[in-house]
Each structure stands twice: as structure tokens, then as C-alpha cells.
Amino acid sequence: MIVNFRGKWYVYNIGAEKFLAVGHTPNNPSTASAKMQAKPVAVEFAKNGEGFTLCSYPGNLHYLCAAPQLPYPVSIWNAADNGSTWVISENENVQPDSAACFAKLEEAFPEQVALSIDTRHGYIWSSAEGGAMPNSTDKGRDFTFYATSQAGWHCPEGLLVRCGENEWKKEVLPWANVTEITIAGEYITDSVFISGEWQRDDTNEAARVLVFSDEFDGTGEPSSEWWKRTERQGATWNRWCSDSPLVVYCADGALHCLAIPNPDTETDPAEMLTGGIKTQGKFDFKWGRAEARIKTTQHIGNFPAFWMMPTDNSLGWPNNGEIDIWETIDTEDRAYGTVHTNWTYNLKKGGNSRYMEGLDYDYWHIFAVEWDPTSITWYVDGKKMWSYLKSTKQSELEDGQWPFDAPFYLILNQSVGSGAWAKPADTSFTYETQFDWVRVYQKQEDIDTGIHEIHHAGASAASAASACYDLSGRLLPRAPKQGVFIQNGKLVMR
């Protein structure tokens, strides 16, 4: 029998209580293997007269045939052979067994409910070792996930889990340990929302300080206090950069960076408009952990990035260095982590890049680097990807092997390829990368503020005593709950 289950077609054998699975036919042979198996596999059909024709792959019509002389008793025949007169039609002599069929389909493909996460300065993983979280989970089934924090951070209010409109439970998480949490299936009847806010223990010397954070909770243009647009220049990634509000904006708790077909080529001859932002001149740092939660639209020509460039680039690229925290291209399921230096690029010495594959970019992923005086280490969803190490040879250092003892700033952007690495852009397509948040942490001893006391010109003594300033001397509306700032002329770290 042929059934439609949630918009997909399945062929079910009542006697065997199994489903048809069609073999792959990449070279369009006369026949393709087919077998009956317990696991349901969706198949494609097309209307053919009074019956249906099986499509074993797009654009090719095939026919189901019982052929005991072949290795597979059930086979798929194409329209060019004698099977072209056969179609799949109803057998009135066999009573359908819909209940058993749909029960098996329900078991194999339970109904999904939406899963969303909003955690501040802590991590929610799919396994104890890390891993991205899915966008949905099985309705009515137990759901297990793992929560963890950095050393010296904890979640004092606990982790809030809501199923639909009902609060289910809170878990108080221990310091820096991985905590396994299971939501009972009986509670998962509607969308699941997980939230929590981790805080730093100021008495723990090992706890890193949050020195930069943007959750992109606003709407419209990202904060000009921290960000400015990437300018159009001659490189592949910035050749079509635009300050249009259509290609960079905050909405729904995320930063959206797009590459779109140019709607007005008479005013601007660029084939596409692409968007990016950077902290150049507004925030930089030397050594620490930089991380962001990201997802992107996979398509030929896709070329987004989360990366860092040196504040002082007086020696020219790549002599002052470049740190690419995350890149991906086209429809690949990979995340690339890369450095560029005179040593790696001009002199072609030493490995400068690695990748991790198997990523589903419909999911949110967390990409991070740990950067210290002797190494840069990349992480994808909590799992180490690779490390680039500072050479111990003076001759290599003199050839620019390690230009990473100076401040760098952040860049987030959506670009498109030109064929040099990523394939040429599909100029009729709209590309989009979303950044849920970006954060930078440093060890307390690595924070170089260059500020010991600060006073705002024109402020009264009373207001100056209570006013708060960021590390660039900008007046803040209130004292932050977390981070590094100046208050009453003193450095405050929370």
C-alpha cells in the first residue's frame, strides 16, 4: 500500500510489515535495486494515467516490479524497458492495514516541537563532550541535554526550562562542571525554551573576565558604540560591501548579515550588496577567548566569516597577521579555522588551516578561539579543532611566523565567492548568516586598559563620582551587571 505521511510518500508491504527502500541510480542504469526494510524511507511519485509512477531520482520515472530472477526480487525499472507499461495501482483484493503502517511511521518519525535556547555566558550542548543543539525535539519523548560553564562561572538562578507556557523546572548548575539534564517526555507537548544566565565569581582568580559582549537584542542597526560597517574595497570578501540597512540589521535576537541582488544598479553598479560589521577603532584585545553563535544559508558561492584583524596593520597584509575563527564556503558542511602570516602566506611554510566537517548549518553552532602568548586553538561546539603554535626558533619568528602579540579587532560578515576559493556568487540568490551573540573573555592579568583613573569633562563632582565609563572613556547609561568599566575613577571588573 502507498500512504502519505506528513507530506511524504511511503510504500508499505502489508504481509512483510516493511517499507520499500529504493537504491541509488546515479548513472541511470536500466534497473535499480530496491528492498523491503523495517525503517521507513520516503519515495517520490508522479501521476501516470490511472496509476502512479515511482521516481527513483528527480526527473526520472521508474516502475516497481517483482523480478525474482534478479538479485533483488523487488526492482525498479526505467521507462525505456518493457516495464514501461506497468504502473502502481490499487489492488482491490488486498485490504489495507493503515493502522499498523501509520503506527510504524509515528514511531519512526515522532511529531516535532520547536526548541529554542537563550543562555548568557554559559553553554548548552547535545552531548557531554559538546555538540550543536537541534532546532526541534520529539514530542512526548524524553529530551537530554548538557549544560556547562567556564571555570569560575556559575548559574546561580538556575537553568529555566519551559514547555509551552508552563515552567517545568530549574536546575542549579555547579561550577564549571558538565551537568546532564533530562526533560521528561510527558512535559514535551509544545515548544521547549531553555534559558539561563551565568555569572562570574569575582573571588576566583582563575575566572576569566567578560570584556566584550553583544547579544544583538535590539532592532535595526547594531550599536554604533561597538560596531561600524565594513567598507567596500578590492578583495573578494569586501568587493560588494554596502552600508544599506537591507544587508545588516538586528532582529529577533540576532544580527543578520546578508548578500542580496542589487536592487538599484543604476545608482550602484555592484552586482550584489553584502553586509558586515567590525569593532575597528572601538574595541580590540590581545589574548583571550573570542566566540560567537552562528548559523548560515548554504548555497553555491556562500562565503561568510567570523574573524579578526590587527589593530596595527602598518606592515601590510598578511605581515601583521589575520585570525579566521570561522569560515565556510558553498554548500560544504565544514568549518575552517585559519591564520595568515608572512610565514604561511608569502613564504608558504607551515600549515595554516584546518577544518571540521559534518556540520548542519540549519543548526546554531558555537565557534571559538583560545589565544594566548604561545598558541591559538580553535573550537567548534566545544570540541577542539586544532592549534597553531608559536615557533621556538628565532629565525622563523624573524620571518613573521608569529605576529600575534598585538591587539586584534573583530569582524562579522556575509560575503560571496568569486571562484578563487568559494565558487562564483549566484547573483540572483539572497545569502544570509545570523550571529546570535559574540563574546570576548580574558584572564585578568591580560586585560590592558591603559586607564587607571578617568573623569568626564564638564561633569559635576557628584555625577562624576557615580558615573560609569567603558574602557574607551564613553559614558555609560548605568553600571553593567558584568564586564569591565570605570566607576568613580576606578577600574571595576564583574
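Quick caveat: nothing in here was measured; it's all calculated off a predicted structure.

Cut-off values and rules
- Residues numbered from 1 in each chain as written.
- Predicted model: local features only at pLDDT ≥ 70, side-chain atom pairs only at ≥ 80, totals over all residues.
- Heavy atoms only, no water.
- Helix = DSSP H or I, 4+ residues; strand = E, 2+ residues; numbered from the N terminus.
- Contact = heavy atoms within 4.5 Å.
- Areas by Shrake-Rupley, 256 points an atom, 1.4 Å probe, with all protein chains shown as cover.
- Salt bridge = Lys/Arg side-chain N within 4 Å of Asp/Glu carboxyl O.
- Buried < 20%, exposed > 50% of the residue type's maximum accessible area, 1.4 Å probe, protein only.
- 1 Å grid on protein atoms, 1.4 Å probe; cavity = no way out; pocket = protein on both sides within 12 Å on 5 of 7 lines; lining within 4 Å.
- Points joined across faces, edges and corners; volume = space filled by probe spheres on them.
- Nonpolar A, V, L, I, M, F, W, Y, C, P; charged D, E, K, R; others polar.
- Phe/Tyr/Trp six-rings, centres within 6.5 Å; stacked < 30°, edge-to-face > 60°.
- Lys NZ or Arg CZ within 6 Å of the ring centre and 35° of its normal.
- Pairing = 2+ DSSP bridges.
- Polar contact = N/O pair within 3.5 Å; in protein donor to acceptor, adjacent residues only side chain to side chain.
- Core = buried A, V, L, I, M, F, W, Y, C linked by side-chain atoms within 4.5 Å.
- pLDDT = per-residue confidence, 0-100.

Engineer: So what exactly am I meant to see when it comes to the overall build of the protein here?
Structural biologist: Each helix and strand in the protein was counted, giving four helices and 36 strands. Counting contacts in the protein only where the partners sit at least 6 residues apart, residues at least 24 apart contribute 65% of the total. Total accessible area computed for the protein in this model is approximately 23900 Å², and 48% of it derives from carbon and sulfur atoms.

Engineer: Just checking my understanding: could you explain the pattern of salt bridges for this structure?
Structural biologist: When charged atoms on two side chains of opposite charge get close, those side chains can pair. All told, the structure shown has 18 salt bridges when counted by the stated rule. Residue Glu215 is joined to Arg120 by a salt bridge in which the shortest nitrogen-to-oxygen separation is 3.6 Å. Of the two residues, Glu215 sits in the loop between strand E18 (209-214) and strand E19 (228-229) while Arg120 sits in strand E9 (residues 112-120), which places them 95 residues apart along the sequence. Given a relative accessible area of 11%, Glu215 falls into the buried group. One salt bridge in this structure joins Arg141 and Asp138, with 3.7 Å as the shortest N-O distance. With a relative accessible area of 35%, Arg141 lands in the partly exposed category. Residue classification places Asp138 among the partly exposed positions, given a relative accessible area of 23%. One network of salt bridges, with partners in common, ties together Asp118, Arg120, Glu215, Asp217 and Arg439.

Engineer: Where do I start with empty space enclosed by the protein in this structure?
Structural biologist: Empty space among the atoms can be located by rolling a probe the size of a water molecule over them. Inspection of the entire model under this criterion finds one cavity of 30 Å³ or more. A volume near 110 Å³ is recorded for the largest cavity. Lining the largest cavity are 14 residues, and of these Ile117, Ile124, Met133, Arg293 and Ile366 lie nearest its centre. Here the element with the most residues in the lining of the largest cavity is strand E10 (residues 123-125); it accounts for three residues. Of the residues assigned to the lining of the largest cavity, the class counts are nine nonpolar, three polar and two charged.

Engineer: Sorry, what's going on with the packing of aromatic side chains here?
Structural biologist: Each pair of aromatic rings is reported with the distance of its centres and the angle of its planes. Counted by the stated rule, this structure contains 29 aromatic pairs. For the ring pair Phe5 and Phe102, a centre distance of 6.1 Å and an interplane angle of 50 degrees mean the geometry is tilted. Residue Phe5 is located in strand E1 (residues 2-5), and its partner Phe102 is located in helix H1 (residues 98-108); the two are separated by 97 residues in the primary sequence. Judged by its relative accessible area of 6%, Phe5 falls in the buried class. Using a relative accessible area of 29% as the deciding quantity, one classes Phe102 as partly exposed. Across the ring face of Tyr379, the terminal group of Arg289 is positioned such that the distance to the ring centre comes to 5.7 Å. The ring of Trp437 carries the charged tip of Arg439 above its face, separated from the ring centre by 3.6 Å.

Engineer: Just to check I follow, could you spell out the pairing of strand E22 (residues 272-278) for this structure?
Structural biologist: In terms of residue burial, E22 counts as a mostly covered element, since seven of its seven residues are buried. Residue alternation in E22 divides its side chains into two sets, Met272, Thr274, Gly276 and Lys278 and Leu273, Gly275 and Ile277, and both sets are buried. Pairing between E19 and E22: two bridges, direction antiparallel. Note that in E22 the partner of Lys228 across the bridge is Lys278. With three bridges joining them, strand E21 (residues 254-261) and E22 adopt antiparallel strand pairing. Paired with Ile260 across the strands is Leu273, a residue of E22. Of the pairings in the sheet, the one linking E22 to strand E31 (residues 408-416) comprises four bridges and is antiparallel in character.

Engineer: Is there a simple way to explain unusual backbone geometry in this structure?
Structural biologist: Note: most residues except glycine have negative phi, and most peptide bonds are trans. Trp317 connects to Pro318 through a cis peptide bond whose omega is 0 degrees. Mapped onto the elements, Pro318 comes out in the loop between strand E24 (302-310) and strand E25 (322-327). A positive phi is found at His121, a non-glycine position, where the angle reads about 70 degrees. Structurally, His121 can be placed in the loop between E9 and E10. In the Ramachandran plot, Asp381 falls in the positive-phi region, its phi being about 50 degrees despite a non-glycine side chain. Among the structural elements, Asp381 can be located in the loop between strand E29 (375-380) and strand E30 (383-389).

Engineer: Which parts of the structure should I look at to understand the side chain of Thr274?
Structural biologist: Along the chain, Thr274 turns up in strand E22. The buried category is assigned to Thr274, whose relative accessible area is 2%. Separated by 3.4 Å, the side chain of Thr274 and the backbone nitrogen of Cys241 make a polar contact. Once residues lying within four places of it in the same chain are set aside, the contact partners of Thr274 are Trp237, Trp240, Cys241, Ser242, Val247, Leu258, Ala259, Gln414 and Val416.

Engineer: I would appreciate a short explanation of the nonpolar core in the present structure.
Structural biologist: With 50 residues, the main nonpolar core has Phe306, Met308, Trp371 and Leu410 as its most contacted residues. Here this core gets four residues from one element, more than from any other, and that element is E21. Contacts of Met308, omitting those with residues within four sequence positions, involve Phe285, Ala290, Glu322, Ile323, Ile325, Val369, Trp371, Phe408, Tyr409 and Leu410. Listed in part, the 24 residues of the second largest apolar core include Leu115, Cys155, Ile183 and Leu210.

Engineer: It is not clear to me how the confidence of the model for the protein should be interpreted in this structure. Could you clarify?
Structural biologist: Should pLDDT be low for a region, the predicted coordinates there are not to be read in detail. When pLDDT is averaged along the protein, the result is 85, and 81% of the positions lie at 70 or above. Below pLDDT 50 for its whole length, residues 24-31 participates in 14 contacts with residues either more than four positions away or in separate chains. Of the regions scoring below 50 in pLDDT, residues 451-465 engages in 15 contacts with residues more than four places distant in sequence or in other chains.

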